[in-house]
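Descriptive analysis of the structure
Given next are the chains, with one letter for each unit.
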Amino acid sequence: MEATGTDEVEKIKSKFMSAWNNMKYSWVLKTKTYFSRNSPVFLLGKCYHFKTEESGELSTDGSNFDKINTEISGNVEEFRKDFISRIWLTYREEFPQIKGSALTTDCGWGCTLRTGQMLLAQGLMLHFLGRAWVWPGALDMDSDCESWTSHTVRRFTASLEASLSAERDLPLRRPPRGTRGSRDGADRRNDAYHRKIISWFGDSPPAAFGLHQLIEYGKKSGKAAGDWYGPAVVAHILRKAVEEARDPELQGVTVYVAQDCTVYSSDVIDRQCSFLDSGKAGTKAVIVLVPVRLGGERTNTDYLEFVKGILSLEYCVGIIGGKPKQSYYFAGFQDDSLIYMDPHYCQSFVDVSIKDFPLESFHCPSPKKMSFKKMDPSCTIGFYCRTVQDFEKASEEITKMLKSSSKEKYPLFTFVKGHSRDYDFASSPLHEENDLFSEDEKKRLKRFSTEEFVLL
């Protein structure tokens, strides 16, 4: 009876924390972001120009579209459409309880897992949809709806009432827009993959890359629900999640994590050529993740040009990073400011197992910008290669970029021909019977955990 009482107390505490975090993290989303008309904007390899005869700044929330000419407005809308089409994964509340805890929300601790999910989602979008794909409903998103402050107060009051009455009322959602009318086969296929990719990140235990699964893999490295995760630890967790995914659609994708800032080319190619039922080589795509530090206590501004260069590549899937105590998903830049998506916004649980589940909360209505100088040095860079030839081309291109941008004696990271075992490093097995992480990986993860900043 005492244990049951303790569980109830924990559940009530969790509900109150959810209500508090919902209020705290709902205030931050509705802010305008201004872009210069005179500088190009890069978003995951695509370049957009907002240049006009007039100087000044431009807001991308749609508030001053009428002040610019049609040609430029079209370009701004193309940027907005592209940005909104990226998958946005944020704090959620009232999802199924996480195994081994009383938690039904990740508010306050799950931001790096969310930014990792966003990076992986972009890799999967490149794989299944291609970089040119945009969500047909992107411009139907309300960028200037009701103020978040009044919305927050209502949500906070409703959350408190639900906590006290122990009731769980999920808000009714409008049906997704942009789905009516006739579509050709390609559009229907893309719509289906769009929904499927999002469903893999659902906040329920069956979802392959959902929070529940990622936390289970994190336990193997000594992490638990409610702990803080760093960019490097999340990179290894994502690799395991993809490796263990059982959906047949995901068998053609693998993830490689660099070891000590070194990408061993033969290890990457082995992953691309492994476990292929067809027996053909080079048919497995790879997402390469490289945990790095862009300086010591603070980010070294000498690395700015390299970060810009990486985000200018179409096969870049973004950067898991942030500023001290907050994790962001970096997807682009303008001048010396980084463009990012922010996971620090608490939204209600969406059951992605339901047919035609609402899509709006998985797409961010407006971008945010941050000075590169504020970026925390710990981050994980990601890029996608569909074939072995694509990986070899990418490694050459990025190596040149590393050499040209590095003012130091040693580059930020390196590509080395051969296997890690050729350099006296233990090669991590692709499948293990009793444990998801090898002893070598566990030591590496513990080191990352102690080196990285705390994320709130």
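Residues numbered from 1 in each chain as written. Predicted model: local features only at pLDDT ≥ 70, side-chain atom pairs only at ≥ 80, totals over all residues. Heavy atoms only, no water.

1. Quick look at the overall build of the protein chain
Looking only at helices and strands, one finds 11 helices and 15 strands in the protein chain. Burial statistics for the protein chain: of 456 residues in total, 55% are counted as buried. For the protein chain, the proportion of contacts with a sequence separation of at least 24, taken over those separated by at least 6, is 76%. As displayed, the protein chain offers around 20,500 Å² of accessible surface, 52% of which is attributable to carbon and sulfur atoms. (Helix = DSSP H or I, 4+ residues; strand = E, 2+ residues; numbered from the N terminus. Buried < 20%, exposed > 50% of the residue type's maximum accessible area, 1.4 Å probe, protein only. Contact = heavy atoms within 4.5 Å. Areas by Shrake-Rupley, 256 points an atom, 1.4 Å probe, with all protein chains shown as cover.)

2. Some words on the pattern of salt bridges
Counted by the stated rule, this structure contains 15 salt bridges. Of the charged contacts in the structure, one is a salt bridge between Asp203 and Arg114, with a shortest N-O distance of 3.0 Å. One end of the pair, Asp203, is in the loop between α5 (185–199) and α6 (211–219); the other, Arg114, is in helix α3 (residues 111–128), and 89 residues separate them in sequence. One exposure class covers both Asp203 and Arg114, and it is buried. One salt bridge connects Lys219 with Glu216, and the closest N-O pair in it is separated by 2.8 Å. With Lys219 and Glu216 both in helix α6 and 3 residues apart, the pair spans about one turn of that helix. Taking relative accessible area as the criterion, Glu216 reaches 22% and is therefore assigned partly exposed. Here the residues in one salt-bridge network are Arg239, Lys240, Glu243 and Arg271, joined through shared partners. (Salt bridge = Lys/Arg side-chain N within 4 Å of Asp/Glu carboxyl O.)

3. Description of unusual backbone geometry
One non-glycine residue with positive phi stands out, namely Cys261, at about 60°. Assignment of secondary structure puts Cys261 in the loop between β6 (253–257) and β7 (262–264). Judged by its relative accessible area of 29%, Cys261 is partly exposed. The phi torsion at Lys325 lies on the positive side, around 80°, for a residue other than glycine. When you line up the elements, Lys325 lands in the loop between β9 (316–323) and β10 (326–334).

4. Remarks on helix α9 (residues 304–311)
Of all 8 residues that make up α9, 7 are buried, and the element is covered over most of its length. Leu304, Phe306, Val307, Lys308, Gly309, Ile310 and Leu311 are the residues of α9 that are buried. Elements in contact with the buried residues of α9: β9, β10, β11 (337–341), β14 (378–385) and α10 (388–405).

5. Observations concerning the packing of α3 against α6
Interhelical geometry of α3 versus α6 gives an angle of 110° and a closest axis separation of 11 Å. Comparing the axis directions of α3 and α6 gives the class roughly perpendicular. At the point where α3 passes α6, the crossing takes the right-handed sense. Where α3 approaches α6, its residues Leu113, Arg114 and Gln117 are matched on the opposing element by Leu211, Leu214 and Ile215. Split by residue class, the contact of α3 with α6 holds 4 nonpolar, 1 polar and 1 charged. (Axes fitted to C-alpha atoms, helices over the stretch in contact; angles between N-to-C directions. Parallel < 35°, antiparallel > 145°, perpendicular 65-115°, else oblique. Left-handed = near helix turned anticlockwise from the far one by under 90°. Nonpolar A, V, L, I, M, F, W, Y, C, P; charged D, E, K, R; others polar.)

6. Here's the deal with the environment of Pro206
When you line up the elements, Pro206 lands in the loop between α5 and α6. We classify Pro206 as exposed; its relative accessible area is 69%. In this structure the C-alpha to C-alpha distance between Pro206 and Ser353, which are 147 residues apart in sequence, comes to 9.6 Å.

7. Points about the environment of Ile269
Turning to its location among the elements, Ile269 is positioned in helix α8 (residues 265–272). We classify Ile269 as partly exposed; its relative accessible area is 21%. With 149 residues separating them along the chain, Ile269 and Gly418 place their C-alpha atoms 9.8 Å apart. For Ile269, the residues in contact, after removing those within four places along its chain, are Val388, Phe391 and Glu392.

8. Quick word on the nonpolar core
If you look at the biggest cluster of nonpolar residues, it comprises 115 residues, and the most contacted ones within it are Leu124, Phe209, Val263, Ile398 and Phe413. In terms of residue count, α3 provides more of this core than any other element does, 9 residues in total. Not counting the four nearest positions on each side in its chain, Phe413 is found in contact with Cys261, Val263, Val290, Val292, Phe306, Ile381, Ile398 and Leu402. (Core = buried A, V, L, I, M, F, W, Y, C linked by side-chain atoms within 4.5 Å.)

9. Re the packing of aromatic side chains
Using the criterion set out here, one finds 21 aromatic pairs in the structure. Pairing Phe330 with Tyr340 gives two aromatic rings, centres 6.1 Å apart and planes at 75°, and the pair type is edge-to-face. Placement of Phe330 in strand β10 and of Tyr340 in strand β11 is noted, with a sequence separation of 10 residues between them. Looking at Phe330, the relative accessible area reads 0%, which means it is buried. The exposure class assigned to Tyr340 is buried, which follows from its relative accessible area of 8%. In this structure an aromatic cluster arises from ring pairing among Phe306, Tyr315, Phe383, Phe391, Phe413 and Phe415. The cationic tip of Arg92 hangs over the ring face of Phe362; the distance from NZ or CZ to the ring centre is 4.6 Å. Above the plane of the ring of Phe357 lies Arg195, whose end atom (NZ or CZ) is 5.0 Å from the centre. (Phe/Tyr/Trp six-rings, centres within 6.5 Å; stacked < 30°, edge-to-face > 60°. Lys NZ or Arg CZ within 6 Å of the ring centre and 35° of its normal.)

10. Let's talk about the packing of α8 against α10
The interhelical angle for the contact between α8 and α10, taken along N-to-C directions, is 155°, at an axis separation of 10 Å. Between α8 and α10, the angle falls in the class roughly antiparallel. Between α8 and α10 lies a crossing of right-handed hand. In this structure, α8 uses Ser265, Val268, Ile269 and Gln272 to contact α10, whose residues at the interface are Val388, Phe391 and Glu392. Taken together, the residues of the contact of α8 with α10 sort by class into 4 nonpolar, 2 polar and 1 charged.

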